[in-house]
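# Secondary and tertiary structure notes
One letter stands for each residue in the lines below.
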Amino acid sequence: MNRRQYIAVLGATLPLAGCTGGPGDPITMLAVNQDDASHTVTVWAVQGERLAVANTVDVASEKTAELGRMPWKQGEYRVTVQVDGDVVIAREFQSEEWFNMIDVFIDADGAVELNRGRAA
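Quantities reported herein were computed from a predicted structural model and do not represent experimental measurements.

## Details of the packing of aromatic side chains
By the definition in use, this model includes three aromatic pairs. One aromatic cluster in this structure is built from Tyr 77, Phe 93 and Phe 99. Over the face of the ring belonging to Phe 99 we find Arg 116, whose NZ or CZ atom lies 5.3 Å from the ring centre.

The structure is reproduced here in structure tokens:
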């Protein structure tokens, strides 16, 4: 490959650098544990009236585990999270705009949050 061809190929791929998500991508659900103890995390995610994800994972201290994936769809979502046997989050929300991540975040003090957004 000569220099001119290399520059042409490089120039064509640079606009794509860093772009990893788009509206066709599935929603990835993660359990992120920043606590100093391991936890068992269970999630149920319902889209409309359909159960899309139901899974349990054990997450070690300072580790991350995938809970599941589901396609993005416009409409109603219900997410229930259980940590170590206790229901800690039961949230409903309406989505009109595409997103590709839902994280169950366990903070260093054991507090649990549900974060939703677009991963880069």
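## Points about the side chain of Ser 95
Inspection of the secondary structure puts Ser 95 in strand E6 (residues 86-95). For Ser 95, a relative accessible area of 1% translates into the label buried. There is a polar contact of 3.1 Å between the side chain of Ser 95 and the side chain of Trp 72. Here the side chain of Ser 95 touches Glu 97 through a polar contact of 3.0 Å, landing on its backbone oxygen. In this structure, Ser 95 is in contact with Trp 72, Gln 74, Gly 75, Tyr 77 and Arg 116, ignoring residues within four places of it in sequence.

## With respect to the confidence of the model for the chain
Averaged over the chain, the pLDDT score is 87; the fraction of residues at 70 or greater is 82%. Confidence over residues 1-19 falls short of pLDDT 50; this stretch has three contacts with residues more than four positions distant or in other chains.

## So, the pairing of strand E3 (residues 50-59)
Of the pairings in the sheet, the one linking strand E2 (residues 39-47) to E3 comprises nine bridges and is antiparallel in character. Within E3, the residue paired with His 39 across the bridge is Val 59.

## Let's talk about the pairing of E6
Across nine bridges, strand E5 (residues 75-83) lies against E6 in antiparallel orientation. Looking across to E6, one finds that Gly 75 is bridged to Ser 95. Between E5 and E6, which pair antiparallel one after the other, the connecting turn spans two residues, and Asp 84 there sits at a positive phi close to 55°.

## Quick notes on the environment of Asp 58
Mapping Asp 58 onto the fold places it in strand E3. Between the C-alpha atoms of Asp 58 and Thr 40, which are 18 residues apart in sequence, the distance is 4.4 Å. Apart from the residues within four sequence positions on either side, Asp 58 is in contact with His 39, Thr 40 and Ala 65. At 2.6 Å, the side chain of Asp 58 and the side chain of Thr 40 are in polar contact.

## Quick word on the sheet that holds E5
Taken together, four strands build an open sheet; the order of strands is E3-E2-E5-E6 and the sheet is antiparallel. If you trace the sheet from one side to the other, it starts and ends with E3 and E6, each paired once. Between one strand axis and the next, the sheet turns by 15° as a mean value, whatever way the strands run. Pairing of E2 with E5 involves seven bridges; the strand directions are antiparallel. Within E5, the residue paired with Val 41 across the bridge is Val 83.

## Here we look at the environment of Ser 38
On the secondary structure map, Ser 38 appears in the loop between strand E1 (27-33) and E2. On the accessibility criterion, Ser 38 (52% relative accessible area) is exposed. Sequence spacing of Ser 38 and Asp 58 is 20 residues, and the spatial spacing of their C-alpha atoms is 7.1 Å. Leave out the neighbours within four places in its chain, and Ser 38 touches Asn 33, Val 59, Ala 60 and Ser 61.

So, how was this worked out
Residues numbered from 1 in each chain as written. Predicted model: local features only at pLDDT ≥ 70, side-chain atom pairs only at ≥ 80, totals over all residues. Heavy atoms only, no water. Phe/Tyr/Trp six-rings, centres within 6.5 Å; stacked < 30°, edge-to-face > 60°. Lys NZ or Arg CZ within 6 Å of the ring centre and 35° of its normal. Helix = DSSP H or I, 4+ residues; strand = E, 2+ residues; numbered from the N terminus. Buried < 20%, exposed > 50% of the residue type's maximum accessible area, 1.4 Å probe, protein only. Polar contact = N/O pair within 3.5 Å; in protein donor to acceptor, adjacent residues only side chain to side chain. Contact = heavy atoms within 4.5 Å. pLDDT = per-residue confidence, 0-100. Pairing = 2+ DSSP bridges. Axes fitted to C-alpha atoms, helices over the stretch in contact; angles between N-to-C directions.

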